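The residues making up each chain are set out below.
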There are 4 protein chains.
Amino acid sequence: MHKITLLISCKDTQGIIASVTRFIYGKNGNIVYIDQHVDMEHEVFFMRLESQFGESPGTLDDFKNEFSHTIAEKYSMSWEVHTDDHKPGMAVFVSKYDHCLYDLLGRYNSGELRVDIPFIISNHNDLRPVAENFGIPFHHIPVKRDNKEEAEAEQLKLLREAGVDFIVLARYMQIVSEKLINQYPHKIINIHHSFLPAFPGAKPYHSAFKRGVKIIGATSHYVTEELDAGPIIEQDITRVTHAHSIQDLVMKGRDLEKIVLARAVKLHISRKVMAHNNKTIVFS
Amino acid sequence: MHKITLLISCKDTQGIIASVTRFIYGKNGNIVYIDQHVDMEHEVFFMRLESQFGESPGTLDDFKNEFSHTIAEKYSMSWEVHTDDHKPGMAVFVSKYDHCLYDLLGRYNSGELRVDIPFIISNHNDLRPVAENFGIPFHHIPVKRDNKEEAEAEQLKLLREAGVDFIVLARYMQIVSEKLINQYPHKIINIHHSFLPAFPGAKPYHSAFKRGVKIIGATSHYVTEELDAGPIIEQDITRVTHAHSIQDLVMKGRDLEKIVLARAVKLHISRKVMAHNNKTIVFS
Amino acid sequence: MHKITLLISCKDTQGIIASVTRFIYGKNGNIVYIDQHVDMEHEVFFMRLESQFGESPGTLDDFKNEFSHTIAEKYSMSWEVHTDDHKPGMAVFVSKYDHCLYDLLGRYNSGELRVDIPFIISNHNDLRPVAENFGIPFHHIPVKRDNKEEAEAEQLKLLREAGVDFIVLARYMQIVSEKLINQYPHKIINIHHSFLPAFPGAKPYHSAFKRGVKIIGATSHYVTEELDAGPIIEQDITRVTHAHSIQDLVMKGRDLEKIVLARAVKLHISRKVMAHNNKTIVFS
Amino acid sequence: MHKITLLISCKDTQGIIASVTRFIYGKNGNIVYIDQHVDMEHEVFFMRLESQFGESPGTLDDFKNEFSHTIAEKYSMSWEVHTDDHKPGMAVFVSKYDHCLYDLLGRYNSGELRVDIPFIISNHNDLRPVAENFGIPFHHIPVKRDNKEEAEAEQLKLLREAGVDFIVLARYMQIVSEKLINQYPHKIINIHHSFLPAFPGAKPYHSAFKRGVKIIGATSHYVTEELDAGPIIEQDITRVTHAHSIQDLVMKGRDLEKIVLARAVKLHISRKVMAHNNKTIVFS
């Protein structure tokens, strides 16, 4: 254990930063990154801290125990600590569109995404060759009106067995059930093809075309029970004109979708996102 | 009459461009700009053409007559022709916010906006000094629950007497009546402080803050009867983070609002905007 | 022959548009797109026109002959006409970076790029598996100090035999010779990883880091003899901060490079780019 | 003294954050903002911290003394502390262009810029009426080939007498002398009308037009002895096309210039910029 990332939230009060940094210093840690945010409205304090240790300050469990008793309990903190020993497991759900999948796997291949991808799940068989080209197991789990529960059970089984940490919906064209969401709270990342809250739900490019907007967008967010209403992680936009057809919007949108999704995934992997009150704090 | 701008729309069919350009050529005109658009869905053809004439091809009335009989009737065109002899009259409506007003008047002063501004109308007296600094008449017409009709009658009288061509609502915080809108169809330009269709109506920055968006925007559109739902002329956006308060969004938004409004006004003045079916064609 | 795209440039004078559109109309063509530009400084006129024909107006050769005699000679035009019968042949040159290649091949696979890719050429063997995954022939032609001429001869032979129309340098890390450039004038598209003219040549991300810029960019341009100085087709940028390392810039830049290159390639394929005087006209 | 902003830089080592936050906590301060940066290459640590105090922790002088002896000396820090009691004095230098001046004064008027503006200096008399409209003293100090030293002496006298803290060159078309720069190190903010390092020096819009770039920019930076080569504070860009004339670039550029300059000025006023090694750290 030579590097940790610590995420904290608690009621805002004096002395938190001093206490935490003192603790790290006491372990001979060198803080290489600290960022904090205070939600003034709700008086909540958030902090993200990265520390390096010349020599390991002991086991992760000891560290956690001591931090818990010395600091966390005093301030009634919600907190998590991550070490760089663990590579997160990321499951990818897709349907038929391949642009986000190619983009994610290209980044994975080049080492840009520091994750394990135990498998790809799809309700269609179309993208199996892509998965195979990249040497990643592909599970075809069809979802139909009358087999939703079984399909989901099969998904959950696979996720559990592989110890998946988080799920990326890379243009997965199915609504994810409450049960799955509750098992992975703020751990399912979706890409929606509009600048939310404009055009939630189906066919946003059609709606954007009809409304005559001059800008289209894409939004990556954590999935919550309400459709396309979860905490927004990242958004971006591109300009369009009257000359663009719906098909042009779809094509331009694809470039947005893959970039925005990749940014959100990278932020999540580097533990830079904290969700609170249906919004995100995204540390820089 | 040495330069004209011709705007045309009609059912799409063969030969329109050939006929129109032939007509201009027959008048010894040099076409310096031509752009067209076909709305494939509704089979409507749109064209904008600028032509220069070494010597005047006669009076504007003669030109119009001949164009009407030779071309426009044949294709059942909607059309308008503008010469550079006429400087459009632009009325500005404001309330208390001054940033859009300063911006417009600064551009007017420097010659960037080729218009006459016969007066500024406001429901408050606060911005009178700004108007006076720029030497522009200022009419304070308070609008209250019980005097709406009278206030509007006074506005309309001023607009008519000055022969105003179009109206700019530079953060005018009142809803404009159906009667005024009908007198100036697609000639009232509003600036709304969100990327429509997200956050229409009141307090969009508050809503944006609450939703936790990572991008805020501004939208300039023609005013129609439905609030914030008219044809969009121009939009732009800027990034925000969790660290920005509502007040920060308001401040960042001001810079968007003034730029987006100015762009829309300039497009309108240069006759580059055609409205159709609650959308705009914005020629480049 | 049911659809043509016509590109024209000539000295600016009156009547060109009228003559050309009259010609198309005479062939029962329906003009679905027309755009023009006048370079005022050099008095050069540029035009791009797309026309559809209900029934074919005859062979392409006849069309060309007639256009040449009736119109082109009169105005001393440079011109080309393309039909949608021909799919352009696009060769891709790469070295070791794979992000642009994955992106191009993903678009090719999904039908977004309407080209044939006869082969990929590389001075390294690293990306052979990527080419094979997509079922595209891969030629490894090493380039060393002492074999440049032979390597180039081999490249030219392959290009000629396959009847390649244009070449994409997808992060090809070799300088292309004058001979190759002369064989493919304004037909070699490069992606440079800076917002040119800032940071031409090697290691632009290092230079950008050193200068402390707040924005980095990517530029796609036609290759000419002077390094990174050819006509710019497309550029885009992204924001960076003091917190980004050189490695961060490289990673963020990759997303720019692939998008900007893809946009340039698509513009080129759709014949929307005309080069003149070391600049481009990019029709919308 | 109820709020302080502390800026620190020193050699990077362990325990700095712990020591400083402990010190603030010991004074009953509530840290509302902390941000830090480590320049890995040069092993320099930078920190910005804002703290509020329920009751004043004593005089500023006492605070400084204690901080100096307890902390700063130990780590050989460069540091400054600012309280919100002092409103910085900002001098504005202009020539003939009015867009940046209008923009700054509009923001000043509306309370967006928390500064005092003791005067505006210009080498021309043209903008005197603007200054007078806003009620700000205007000094016309002509600069000619043979009076440079006297002009500068007059400028320095005015600056000193008014206790000016920093200077904004709002399109001031004169090169500022070494002497003035040395008196106000990293305290003279310029706006240059290009995305530096592209197109430094005179007539950047002409150069951008000639090169055929698809993006133009503006850059705000601290003035150093080398022209347009000082630490960059903020940049932004806008898209242009082949259809834009030089005059169009100038007009579009004006909107960039004023926004980029205003952002830089606001960052400077809020003490969010630290300059080091000809680059800036800009805290968010």
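Calculation notes
- Residues numbered from 1 in each chain as written.
- Chains lettered and ligands numbered in written order.
- Predicted model: local features only at pLDDT ≥ 70, side-chain atom pairs only at ≥ 80, totals over all residues.
- Heavy atoms only, no water.
- Helix = DSSP H or I, 4+ residues; strand = E, 2+ residues; numbered from the N terminus.
- Rg over C-alpha atoms; globule rule 2.2 N^0.38 Å.
- Buried < 20%, exposed > 50% of the residue type's maximum accessible area, 1.4 Å probe, protein only.
- Contact = heavy atoms within 4.5 Å.
- Areas by Shrake-Rupley, 256 points an atom, 1.4 Å probe, with all protein chains shown as cover.
- UniProt positions renumbered as here; feature names shortened; annotations may be inferred.
- Salt bridge = Lys/Arg side-chain N within 4 Å of Asp/Glu carboxyl O.
- Polar contact = N/O pair within 3.5 Å; in protein donor to acceptor, adjacent residues only side chain to side chain.
- Domains from an automatic or database assignment.
- Buried area = accessible area lost by both parts, 1.4 Å probe.
- Nonpolar A, V, L, I, M, F, W, Y, C, P; charged D, E, K, R; others polar.
- Least-squares fit on C-alpha atoms with pLDDT ≥ 70 in both.
- Pairing = 2+ DSSP bridges.
- Axes fitted to C-alpha atoms, helices over the stretch in contact; angles between N-to-C directions.
- Patch = residues over 30% accessible without salt bridge, like charges linked within 9 Å, V, L, I, M, F, W, Y side chains within 5 Å.
- Lys, Arg positive; Asp, Glu negative; His and termini not counted.
- Charge placed at Lys NZ, Arg CZ, Asp CG, Glu CD.
- Disulfide = S-S within 2.5 Å.
- Phe/Tyr/Trp six-rings, centres within 6.5 Å; stacked < 30°, edge-to-face > 60°.
- Lys NZ or Arg CZ within 6 Å of the ring centre and 35° of its normal.

**Some remarks on the overall build of chain A**
And then number 1: Check the secondary structure of chain A and you find eight helices and 13 strands.
And then number 2: In terms of C-alpha radius of gyration, chain A reaches 21 Å, essentially the compact-globule figure of 19 Å for 284 residues.
And then number 3: A principal-axis box enclosing the C-alpha atoms of chain A has dimensions of 60 × 40 × 35 Å.
And then number 4: When burial is assessed residue by residue, chain A has 60% of its 284 residues classed as buried.
And then number 5: Sequence-distant contacts in chain A: of pairs separated by 6 or more residues, those separated by 24 or more amount to 67%.
And then number 6: Within the structure as shown, chain A displays about 11700 Å² of accessible surface, and the carbon and sulfur contribution to it stands at 47%.

**Describing the UniProt feature "domain: ACT" (unreviewed entry) in chain A**
And then number 1: Following the UniProt record, one finds the feature "domain: ACT" (unreviewed entry) at residues 5-86 of chain A.
And then number 2: In this annotation, residues 5-86 of chain A is assigned 33% helix and 41% strand; the end-to-end C-alpha distance for the span is 12 Å.

**Details of the pattern of salt bridges**
And then number 1: Following the criterion strictly, the structure yields 64 salt bridges over all chains and no others.
And then number 2: For R107 of chain B, the salt bridge identified is with D255 of chain D, shortest N-O distance 2.8 Å. Note that R107 of chain B is positioned in helix α3 (residues 99-109) and D255 of chain D in helix α8 (residues 246-269), a pairing that runs across two chains.
And then number 3: R107 of chain B gets classed as buried once you look at its relative accessible area, which sits at 3%.
And then number 4: We classify D255 of chain D as buried; its relative accessible area is 12%.
And then number 5: In the salt-bridge network here, residues are joined through shared partners; they are D103, R107, E112 and K266 of chain A together with R254, D255 and K258 of chain C.

**Observations regarding the UniProt feature "active site" (unreviewed entry) in chain A**
And then number 1: With numbering aligned to this structure, UniProt lists the feature "active site" (unreviewed entry) at D228 of chain A.
And then number 2: On the basis of relative accessibility, which here comes to 10%, the residue D228 of chain A falls in the buried class.
And then number 3: The contacts of D228 of chain A, once residues within four sequence positions are left out, are N190, H192, L196, P200, G201 and H221 of chain A together with R211 of chain B.
And then number 4: Among the polar contacts made by the side chain of D228 of chain A, one reaches the side chain of H192 of chain A at a distance of 3.4 Å.

**Let's talk about the domain arrangement of chain A**
All names here are of chain A.
And then number 1: Domain boundaries assigned for chain A yield domain 1 (3-83) and domain 2 (90-282).
And then number 2: If you average the C-alpha positions of domain 1 and of domain 2, the two centres end up 31 Å apart.
And then number 3: Contacts between the two partners involve 13 residues from domain 1, matched on the other side by seven residues from domain 2.
And then number 4: Summed over both sides, the interface of domain 1 with domain 2 buries roughly 830 Å², with 68% coming from carbon and sulfur.
And then number 5: At the surface where domain 1 touches domain 2, the tally comes to zero salt bridges.

**Things to note about the interface of chain D and chain B**
And then number 1: Taken together, the contact between chain D and chain B spans 16 residues of the former and 16 residues of the latter.
And then number 2: Buried surface at the junction of chain D and chain B, summed over both partners, amounts to about 1400 Å²; 44% is from carbon and sulfur atoms.
And then number 3: Connecting chain D to chain B are six salt bridges.
And then number 4: R254 of chain B serves as the salt-bridge partner of E112 of chain D, at 2.9 Å between the closest nitrogen and oxygen.
And then number 5: Summed over the shared surface of chain D and chain B, the result is eight residue pairs in polar contact (both at pLDDT 80 or more).
And then number 6: Broken down by secondary-structure element, the contributors of at least two residues to the side of chain D that touches chain B are α3 (99-109) and α8 of chain D.
And then number 7: A total of six residues in the side of chain D that touches chain B trace back to one element, the largest contributor, which is α8 of chain D.
And then number 8: Classifying every residue of the side of chain D that touches chain B gives four nonpolar, four polar and eight charged.

**Some details on the relation of the copies chain A and chain B**
And then number 1: Overlaying chain A on chain B yields an RMSD of 0.0 Å, the required transformation being a rotation through 180 degrees with an accompanying axial translation of 0.0 Å. Look at the turn and shift together and you get a two-fold axis relating the two. When each C-alpha of chain A is compared by its distance to the rotation axis, A198 of chain A comes out closest, at 2.3 Å.
And then number 2: Interface overlap between copies is the fraction of interface residues in one copy that are interface residues in the other; for chain A against chain B it reaches 100%, indicating a shared surface.

**Digging into the sheet that holds strand β7 (residues 138-140) of chain D**
Residues and elements named next belong to chain D.
And then number 1: Reading across from one edge, β7-β6-β5-β8-β9-β10-β11 is the order of the seven strands in this open sheet, with mixed pairing throughout. A single partner strand is all that each edge strand has here, and the edge strands are β7 and β11 (232-239). Each adjacent strand pair in this sheet contributes to an overall mean axis angle of 20 degrees, direction not counted.
And then number 2: Pairing of strand β8 (residues 166-169) with strand β9 (residues 188-192) involves three bridges; the strand directions are parallel. Residue pairing in the sheet places V168 in a bridge with I189 of β9.
And then number 3: Against the sheet, helix α5 (residues 148-161) engages β5 (90-94), β6 (120-122), β7 and β8, with an angle of about 155 degrees to β5.

**Some words on a positive patch on the surface**
And then number 1: A contiguous patch of positive charge, built from R22 and K74 of chain A together with R22 and K74 of chain D, is present on the exposed surface.
And then number 2: Inspection of the secondary structure puts R22 of chain D in helix α1 (residues 16-26).
And then number 3: R22 of chain D gets classed as partly exposed once you look at its relative accessible area, which sits at 41%.

**Things to note about the pairing of strand β2 (residues 29-39) of chain A**
Residue and element names in this part refer to chain A.
And then number 1: With eleven of its eleven residues buried, β2 lies for the most part within the structure.
And then number 2: Two elements, β2 and strand β3 (residues 44-53), share ten bridges in a ladder whose sense is antiparallel. Bridged to V38 within β3 is F45.

**Points about the state of the cysteines**
Every disulfide links exactly two cysteines, by a covalent bond between their sulfur atoms.
And then number 1: Within the structure shown, the criterion is met by zero disulfides over all chains.
And then number 2: Lacking any disulfide linkage, C100 of chain A is separated from the closest cysteine sulfur, that of C100 of chain C, by 18 Å.
And then number 3: Of the residues examined, C100 of chain A reaches a relative accessible area of 1% and is grouped as buried.

**Notes on the interface of chain A and chain B**
And then number 1: Tallying the contact residues gives 33 residues for chain A and 33 residues for chain B.
And then number 2: Together, the buried faces of chain A and chain B total about 2600 Å²; carbon and sulfur atoms form 55% of this surface.
And then number 3: Contact with chain B buries area across many residues of chain A, yet R211, K214 and H242 of chain A alone supply 27% of it, more than any other trio.
And then number 4: On inspection of chain A and its partner chain B, the count reaches four salt bridges.
And then number 5: Applying the counting rule to chain A against chain B returns 22 residue pairs in polar contact (both at pLDDT 80 or more).
And then number 6: Those elements giving two or more residues to the side of chain A that touches chain B turn out to be α7 (204-211), β11 (232-239) and β13 (279-282) of chain A.
And then number 7: Sort the elements by how many residues they give to the side of chain A that touches chain B and β11 of chain A lands first, with seven residues.
And then number 8: Along the lines of polarity and charge, the residues of the side of chain A that touches chain B split into 16 nonpolar, seven polar and ten charged.

**What about the packing of aromatic side chains?**
The relative placement of two aromatic rings is captured by the distance of their centres and the angle of their planes.
And then number 1: Applying the stated criterion to the full structure yields 30 aromatic pairs over all chains.
And then number 2: Centroid distance Y102 of chain A to F134 of chain C: 5.4 Å. Interplanar angle 25 degrees. Geometry classified as stacked. Pair noted here: Y102 of chain A is in helix α3 (residues 99-109) and F134 of chain C is in the loop between α4 (128-133) and β7 (138-140), and the two residues belong to different chains. Across the pair, F134 of chain C and Y102 of chain A agree in class, each one buried.
And then number 3: By the ring-pair criterion, three or more aromatic residues cluster together here, those being F23, F53, F63, F67 and W79 of chain A.
And then number 4: A cation over a ring is seen here: K279 of chain D above F209 of chain C, with NZ or CZ 3.6 Å from the ring centre.

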